[in-house]
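Structural characterization, general
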Amino acid sequence: QMKESLEMKEHDIVRVELQLEKVRNDLLEAASAAKTAEEARVEAVERENRVRSKLHETSNALADEKAKVAKLESREEELKSEIEAKTMSAEEELKLAMQKAKLRELEGEAAKLREENKDALKAADATKVAHESAITDRETEIDTLKQDIKVHQEQMQLAQNMLEEKENIA
């Protein structure tokens, strides 16, 4: 009967050792996955920083373009005032035609710059949203992996305690 008891205890110890090895393997896999997730999170943060930098550059460019537009609009008003104030002579009519052509050119440039600024802001906003979503996904994965590691550690500790109890009994 004692021999059977010893055999059962040895069988239990072997079973616990196998479980312990499985838990160790699971922990190694979880640690590897956590490292991969952390690397992905770091990469996402770096991409976000690059996007934020690009957004800042775009914002600065937008401010510059707005200043140019304001200057062009001011110049447009000046040209209109000059046109109205002058009497028409042949020479003045030629000059006026040139100014009107320049005005149309400046208005076209201003419209083009406004459109480019609008497109740049849309692209920056879309990129920012995509990166924020990717970061949130990676952080969720990290949290899940951390929880898995914690559970595996608790299982490993429980298995270790059972093994120690078995050794103490034996």
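Every value quoted in this text rests on a predicted model; they were computed, and no experiment measured them.

1. A word on the overall build of the protein chain
- The number of helices and strands found in the protein chain is two helices and zero strands.
- Over its C-alpha trace the protein chain gives a radius of gyration of 37 Å, far above what one expects of a compact globule, namely 15 Å for 170 residues.
- In terms of its C-alpha atoms, the protein chain occupies a principal-axis envelope of roughly 130 × 15 × 15 Å.
- In the protein chain, which comprises 170 residues, the proportion classed as buried is 21%.
- Taking all contacts inside the protein chain whose residues are at least 6 apart in sequence as the whole, residues at least 24 apart take part in 89%.
- Averaged over its 30 positive side-chain charges, the protein chain has a centre that lies 5 Å from the centre of its 42 negative ones.

2. Considerations on the pattern of salt bridges
- If you walk through the whole model with that rule in mind, you get 14 salt bridges.
- Between Lys166 and Asp12 there is a salt bridge; the shortest N-O distance is 3.1 Å. Of this pair, Lys166 sits in helix 2 (residues 90–169) while Asp12 sits in helix 1 (residues 2–85), and the two are 154 residues apart along the sequence.
- Each of Asp12, Arg15 and Lys166 takes part in salt bridges that share partners, so that together they form one network.

3. Here's the deal with a negative patch on the surface
- A cluster of like negative charges, contributed by Glu17, Glu164, Glu165 and Glu167, occupies part of the molecular surface.
- The element that contributes the greatest number of residues to the negative patch is helix 2, accounting for three residues.
- Its location among the elements puts Glu17 in helix 1.
- Judged by its relative accessible area of 42%, Glu17 is partly exposed.

4. Some thoughts on the environment of Met156
- Relative to the helices and strands, Met156 is located in helix 2.
- Through-space distance from the C-alpha of Met156 to that of Leu27 is 9.0 Å; in sequence the pair is 129 residues apart.
- Once you skip the residues sitting within four places of it in the chain, Met156 turns out to touch Leu20, Val23, Arg24 and Leu27.

5. Overview of the nonpolar core
- If you look at the biggest cluster of nonpolar residues, it comprises five residues: Ile13, Val16, Leu20, Ala159 and Leu163.
- Among the elements that line this core, the one with the most residues is helix 1, at three residues.
- Once residues within four sequence positions are removed from consideration, Ala159 is found in contact with Val16 and Leu20.

6. Overview of the side chain of Glu76
- Following the sequence through the fold, Glu76 ends up in helix 1.
- Overall, the relative accessible area of 15% leaves Glu76 in the buried class.
- When near neighbours in sequence (up to four residues on either side) are disregarded, Glu76 contacts Leu103 and Glu107.

7. Section: the environment of Glu29
- Inspection of the secondary structure puts Glu29 in helix 1.
- Taking relative accessible area as the criterion, Glu29 reaches 55% and is therefore assigned exposed.
- Through-space distance from the C-alpha of Glu29 to that of Asp125 is 37 Å; in sequence the pair is 96 residues apart.

Conventions we followed
- Residues numbered from 1 in each chain as written.
- Predicted model: local features only at pLDDT ≥ 70, side-chain atom pairs only at ≥ 80, totals over all residues.
- Heavy atoms only, no water.
- Helix = DSSP H or I, 4+ residues; strand = E, 2+ residues; numbered from the N terminus.
- Rg over C-alpha atoms; globule rule 2.2 N^0.38 Å.
- Buried < 20%, exposed > 50% of the residue type's maximum accessible area, 1.4 Å probe, protein only.
- Contact = heavy atoms within 4.5 Å.
- Lys, Arg positive; Asp, Glu negative; His and termini not counted.
- Charge placed at Lys NZ, Arg CZ, Asp CG, Glu CD.
- Salt bridge = Lys/Arg side-chain N within 4 Å of Asp/Glu carboxyl O.
- Patch = residues over 30% accessible without salt bridge, like charges linked within 9 Å, V, L, I, M, F, W, Y side chains within 5 Å.
- Areas by Shrake-Rupley, 256 points an atom, 1.4 Å probe, with all protein chains shown as cover.
- Core = buried A, V, L, I, M, F, W, Y, C linked by side-chain atoms within 4.5 Å.

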